[in-house]
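Listed below are the residues making up each chain.
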Amino acid sequence: ITADQEIICLCESAHLTANVVGGSGNYTSLWTSDPPGFTSTQQNVTVTPDVNTTYFLEVFDGSATFEDQITIQVKPLPEVDLGPDLTICQGETVTLNAGPGFVAYLWNTGATSSTITVGTAGEYSVIVTGQNGCANADDMNLTVNPSPEFDLGDDVQICGNGEATFDAGSGFSSYLWN
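Attention in this report is confined to the structure presented alongside it. (Residues numbered from 1 in each chain as written. Predicted model: local features only at pLDDT ≥ 70, side-chain atom pairs only at ≥ 80, totals over all residues. Heavy atoms only, no water.)

### Some thoughts on the sheet that holds strand S12 (residues 122-129)
Consider a sheet: its strands pair through backbone hydrogen bonds, and that pairing is either parallel or antiparallel.
Here is step 1 of the chain: Spatially, the four strands line up as an open sheet ordered S8-S13-S12-S10, and their pairing is mixed. Two strands lie at the open edges of the sheet, namely strand S8 (86-89) and strand S10 (104-107), each paired on one side alone. Adjacent strand axes in the sheet meet at a mean angle of 25 degrees, parallel and antiparallel pairs treated alike.
Here is step 2 of the chain: As judged from the eight bridges shared by S12 and strand S13 (residues 135-145), these two strands associate in the antiparallel manner. For Tyr124, the partnering residue across the bridge sits in S13 and is Met140. (Pairing = 2+ DSSP bridges. Helix = DSSP H or I, 4+ residues; strand = E, 2+ residues; numbered from the N terminus. Axes fitted to C-alpha atoms, helices over the stretch in contact; angles between N-to-C directions.)

### Remarks on the pairing of strand S7 (residues 65-75)
Here is step 1 of the chain: Where strand S2 (residues 7-9) and S7 come together, three bridges link them in parallel fashion. Along S7, the bridge assignment pairs Ile8 with Val74.

### Thoughts on the sheet that holds S7
Here is step 1 of the chain: Pairing within the open sheet is mixed, and its four strands lie in the order S2-S7-S6-S4. In this open sheet, the two edge strands, each paired with only one partner strand, are S2 and strand S4 (28-34). Neighbouring strand axes in the sheet, compared pairwise and without regard to direction, differ in orientation by 30 degrees on average.

### Some remarks on the state of the cysteines
Here is step 1 of the chain: For the structure shown, the criterion picks out one disulfide.
Here is step 2 of the chain: A sulfur-sulfur distance of 2.0 Å marks the disulfide that ties Cys9 to Cys134. Residues Cys9 and Cys134 share a disulfide whose torsion about the S-S bond is about -90 degrees; that sign makes it left-handed. Residue Cys9 is located in strand S2, and its partner Cys134 is located in the loop between S12 and S13; the two are separated by 125 residues in the primary sequence. Comparing Cys9 with Cys134, the two get one shared label, buried. (Disulfide = S-S within 2.5 Å. Buried < 20%, exposed > 50% of the residue type's maximum accessible area, 1.4 Å probe, protein only.)

### Regarding unusual backbone geometry
Here is step 1 of the chain: The omega torsion across Asp34 and Pro35 is 10 degrees, close enough to zero to call that bond cis.
Here is step 2 of the chain: Locating Pro35 in the fold gives a position in the loop between S4 and strand S5 (45-47).
Here is step 3 of the chain: Non-glycine residue Cys11 carries a positive phi angle of around 85 degrees.
Here is step 4 of the chain: Tracing the sequence through the fold places Cys11 in the loop between S2 and strand S3 (14-17).
Here is step 5 of the chain: Its relative accessible area of 62% is what places Cys11 among the exposed residues.

### Section: the pairing of S4
Here is the key point about a regular strand: its side chains alternate between the two faces of the sheet.
Here is step 1 of the chain: Taking every second residue as pointing to the same face, the buried face of S4 carries Ser29, Trp31 and Ser33, while none of Thr28, Leu30, Thr32 and Asp34 on the other face is buried.
Here is step 2 of the chain: As judged from the seven bridges shared by S4 and strand S6 (residues 53-60), these two strands associate in the antiparallel manner. Bridging across to S6, Thr28 finds its partner in Phe60.

### Topic: the environment of Leu106
Here is step 1 of the chain: Along the polypeptide, Leu106 turns up in strand S10.
Here is step 2 of the chain: For the pair Leu106 and Ser125, spaced 19 residues apart in sequence, the C-alpha to C-alpha distance is 8.4 Å.
Here is step 3 of the chain: Apart from the residues within four sequence positions on either side, Leu106 is in contact with Ala111, Thr112, Ser125, Val126 and Ile127. (Contact = heavy atoms within 4.5 Å.)

### Overview of the nonpolar core
Here is step 1 of the chain: If you look at the biggest cluster of nonpolar residues, it comprises 16 residues, and the most contacted ones within it are Leu96, Ala98, Trp107, Val118, Tyr124, Val126 and Val128.
Here is step 2 of the chain: Among the secondary structure elements, those contributing two or more residues to this core are strand S9 (94-97), S10, strand S11 (115-118), S12 and S13.
Here is step 3 of the chain: When residues of this core are assigned to their parent elements, the largest contribution, three residues, is made by S12.
Here is step 4 of the chain: Excluding residues within four positions of it along the chain, Val128 makes contact with Pro78, Val80, Ala98, Phe102, Ala104, Tyr105, Cys134, Ala135 and Asn136.
Here is step 5 of the chain: Counting residues in each nonpolar core, the second largest holds 13 residues, with Ala14, Ala18, Leu57 and Ile70 among its members. (Core = buried A, V, L, I, M, F, W, Y, C linked by side-chain atoms within 4.5 Å.)

Next comes the structure, spelled out in structure tokens:
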């Protein structure tokens, strides 16, 4: 048995090829695995294991059975979490942090740092590469709410002990005057 790659990252596949020669030339194949769960009667198979897995092949040519095995090692993906979707107000920014310790970072903005500061609505995603060479991605959506609009009116000049009344309008959740 040969494999196009014997060490893969989680979620990747390996193509296993049974190189059979000799015998009657009329072969039947039976693939099994440890841990159990994979079976096939194809001569060549593609596998996508979640953990290190040994694949066993029995080839029968009508009179004799031949056996071989191969182990595919599975490396874990790095864990990256940008957190939940966020909502900010117009004019604010937020810093998105992919976390420390990765070999490489690639944001959909083109940035290659572990953090980016953003203030524009949209989806932001990052691909990180771990120490073992495997990559993983995460994304989040940023919503930017518009600032409320109000008008206090024209500028007013007051002399002496004069007073002026300003009206910011109604319907706002809070007011803070200077």
